[in-house]
Amino acid sequence: MKIHVDRERCEGHGRCYALAPALFEPDDIGNGQELGDGTVPPDQEHNARLAVANCPERAVVLDLDETG
Amino acid sequence: MGHHPPVDDWATDFDHTDDVWAANPYPIWDELREKCPIAHTERYGGVWLPTSHEDVAEIAYDTEHFTSRSVLVTEFRPPMELAPQGIAPPISSDPPFHKNARRLLLPAFAPQAIDKIEQFTRNYCEELIESMRGRDVVDAAVEYSQHIPVRVIAQMLGFPEEDADRFRGFVQHVLEGVSLPMEERAEGMMVLFEYLQAQVQDHIDNPRDDLTSFLLNAEMDGERLDMGHVGGTIALLLLAGIDTTWSAIGASIWHLAKTPADRERLVREPALLPTAIEELLRAYAPVTMARLVKDDVEWKGCPMKAEEWVLLPFPAANRDPEMFENPDEVVIDREENRHAAFGLGIHRCAGSHLARMELRVALEEWLRAFPSFSLADPDAVAWSGGQVRGPRTLPIRIA
């Protein structure tokens, strides 16, 4: 499972890095960005789904296809 | 603020400053969402009111048909020439001006910057709580909630701490006095303007490490900001941060005071607080924004005329059953919560990280000091109407 923030949609609500700090971090203006290449370790899958389900702009995208 | 005739039909004659709306707007929005999802009133020169999450979101995203030249519904429309900067950038700005005006402000309100004022905020909350100890009943709106955002923004702007009561006066005049006669409003704006001018002059003479000096030195597209921009942004920071956060803190304390199960659970499980705060923000979102219609347009069948207002009731969007399961139920461990309390799109509340910190710290300290509290007199609780809704009188029994 991989995850990324759609930079076009993100408006900096900060839900992703609040709910999944092991997967996301704020940039200098508070917009969210995924850490590293966005690979989600198995123990972070729940947090990844929370980040997706709580983004008001639907800017957090789960890439299920990456690992099948 | 009952300066207008009472409302007899919410679909065709609504008034968001009406006392019925202030006391409990949710049934009004629920009924409209079912029967007339985009209501209209002739008041204020014409206002539209979408009530579904989908419509509120679409208008918030649509900067082509709707302008932010003013975001506060009154009888008065600011002059067209003010666009695209508007009177209080960046909230009043449209693209493309908006983007850089907002960008220069955001680092000061990013989580990394807000972390640095958390301890200051906490100390201040403790101070307020100390002054309440030993009493049976306190007003949690007047003696606690309202002071916190004022003290914090005064600190950030580098304004004198002793002027706090004056700021609150300005804010209430501007935001809650929307149905006052124009002359009275203009007078109040003038007092605010003169106050800000004196503060800015003091910062020009004595530059220091705060937001006001930062704005005076900031550059946009290689040039210093003009004084209208600096003053407008300072006015925005002062106005936007105060009674919004005050409302959110007050509404949260009100909910916990009347819902012992939620209060007890948060005392037992403090780690749940951040999740609970998002739910309290969803259920009691204080802020309704507004836009002006740019040109005549037929929007989802509604004949919207240029210069009519459109209210964006994010609190109504947050109660839309299409978007949220059991929207009228406060579920403090709600896991899926895409609420829009801080707006949507390019005008997302720039102070949202500050507001969340203040709300969390205010509730942490309150719950720690008063693990058992309740409404002293439910009928005495009074809510503000208009575009920022929250308790203004909130008697709480703390012992």
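Residues numbered from 1 in each chain as written. Chains lettered and ligands numbered in written order. Predicted model: local features only at pLDDT ≥ 70, side-chain atom pairs only at ≥ 80, totals over all residues.

We now examine the sheet that holds strand E4 (residues 137-139) of chain B. All names here are of chain B. In spatial order, the strands read E4-E14-E11; together these three strands make up an open sheet with antiparallel pairing. The strands lining the two open edges of the sheet, one partner per strand, are E4 and strand E11 (374-375). Across two bridges, E11 lies against strand E14 (residues 395-397) in antiparallel orientation. Each bridged residue has a counterpart across the sheet, and for Leu 375 the counterpart in E14 is Ile 396. (Pairing = 2+ DSSP bridges. Helix = DSSP H or I, 4+ residues; strand = E, 2+ residues; numbered from the N terminus.)

With respect to the helices, strands and loops of the structure, B:Arg348 is situated in the loop between helix H16 (314-317) and helix H17 (352-369). Sequence-wise, B:Arg348 and B:Glu42 are 306 residues apart; in three dimensions their C-alpha atoms are separated by 28 Å. Apart from residues no more than four positions distant in its own chain, B:Arg348 is found in contact with A:Glu11, A:Gly12, A:His13, B:Phe342 and B:Gly343. (Contact = placed C-beta atoms within 7 Å.)

Here the focus is unusual backbone geometry. Residue and element names in this part refer to chain B. At the junction of Pro 89 and Pro 90, the peptide bond is cis and its omega measures out at 5 degrees in the coordinates. Considering the arrangement of structural elements, one finds Pro 90 in the loop between strand E3 (66-67) and helix H5 (97-103). In this chain, Pro 95 is followed by Pro 96 through a cis amide linkage whose omega measures 0 degrees. Mapped onto the elements of the fold, Pro 96 is located in the loop between E3 and H5. The backbone of Asp 221 shows a phi angle near 50 degrees, a positive value even though the residue is not glycine. Examined against the element boundaries, Asp 221 turns out to sit in the loop between strand E5 (219-220) and strand E6 (223-224). In this structure Asp 221 comes out as exposed when scored by C-beta crowding, with 6 C-beta atoms within 10 Å. Even without glycine at this site, Glu 307 takes up a positive phi of about 75 degrees. (Buried ≥ 20, exposed ≤ 12 C-beta atoms within 10 Å, placed from the backbone.)

Residue and element names in this part refer to chain B. An order of E1-E2-E10-E7-E3 is seen for the five strands of this open sheet, with the pairing classed as mixed. For this open sheet the edge positions go to strand E1 (38-41) and E3, each flanked by a neighbour on one side alone. Note that E1 and strand E2 (residues 47-50) share four bridges and pair antiparallel. Bridge assignment links Ala 39 to a residue of E2, and that residue is Leu 49.

What follows deals with the pairing of strand E10 (residues 309-313) of chain B. Residue and element names in this part refer to chain B. Along E10, five of the five residues are buried, which leaves the element largely enclosed by surrounding structure. Burial along E10 is two-sided: Trp 309, Leu 311 and Pro 313 facing one way and Val 310 and Leu 312 facing the other are all buried. Across two bridges, the pairing between E2 and E10 is parallel. Each bridged residue has a counterpart across the sheet, and for Trp 48 the counterpart in E10 is Val 310. Here five bridges tie strand E7 (residues 288-293) to E10, and the two strands are oriented antiparallel to one another.

Time to look at the interface of chain B and chain A. Every contact between the two is made by 21 residues of chain B and, on the other side, 15 residues of chain A. Among the elements of the structure, helix H6 (111-115) and H17 of chain B are those that each provide at least two residues to the side of chain B that touches chain A. Across the side of chain B that touches chain A, the residue classes break down as ten nonpolar, six polar and five charged. (Nonpolar A, V, L, I, M, F, W, Y, C, P; charged D, E, K, R; others polar.)

Right, let's get into helix H2 (residues 45-54) of chain A. Of the positions making up H2(A), those classed as buried are A:Ala48, A:Leu50, A:Ala51, A:Val52 and A:Asn54. Looking at the buried residues of H2(A), the elements they touch are strand E1 (2-5), helix H1 (15-19), strand E2 (24-26) and strand E4 (60-63) of chain A.

Before going further, it helps to spend a moment on the packing of helix H10 (residues 164-176) of chain B against helix H13 (residues 227-258) of chain B. Residues and elements named next belong to chain B. Where H10 meets H13, the closest approach of the two axes is 9 Å, and the angle between their N-to-C directions is 90 degrees. As far as their axial angle goes, H13 and H10 are roughly perpendicular. Taken together, the residues of H13 that come into contact with H10 (itself represented by Phe 167, Arg 168, Phe 170, Val 171, Gln 172, Val 174 and Leu 175) are Leu 238, Leu 239, Ile 242 and Asp 243. In terms of residue class, the contact of H10 with H13 is made up of eight nonpolar, one polar and two charged. (Axes fitted to C-alpha atoms, helices over the stretch in contact; angles between N-to-C directions. Parallel < 35°, antiparallel > 145°, perpendicular 65-115°, else oblique.)

A few words on the pairing of E7(B). Residue and element names in this part refer to chain B. Most of E7 sits out of view: six of its six residues are buried. Note that E3 and E7 share two bridges and pair antiparallel. Paired with Thr 67 across the strands is Leu 292, a residue of E7.

Spatial relationships are all this shows, so hold off on functional conclusions.
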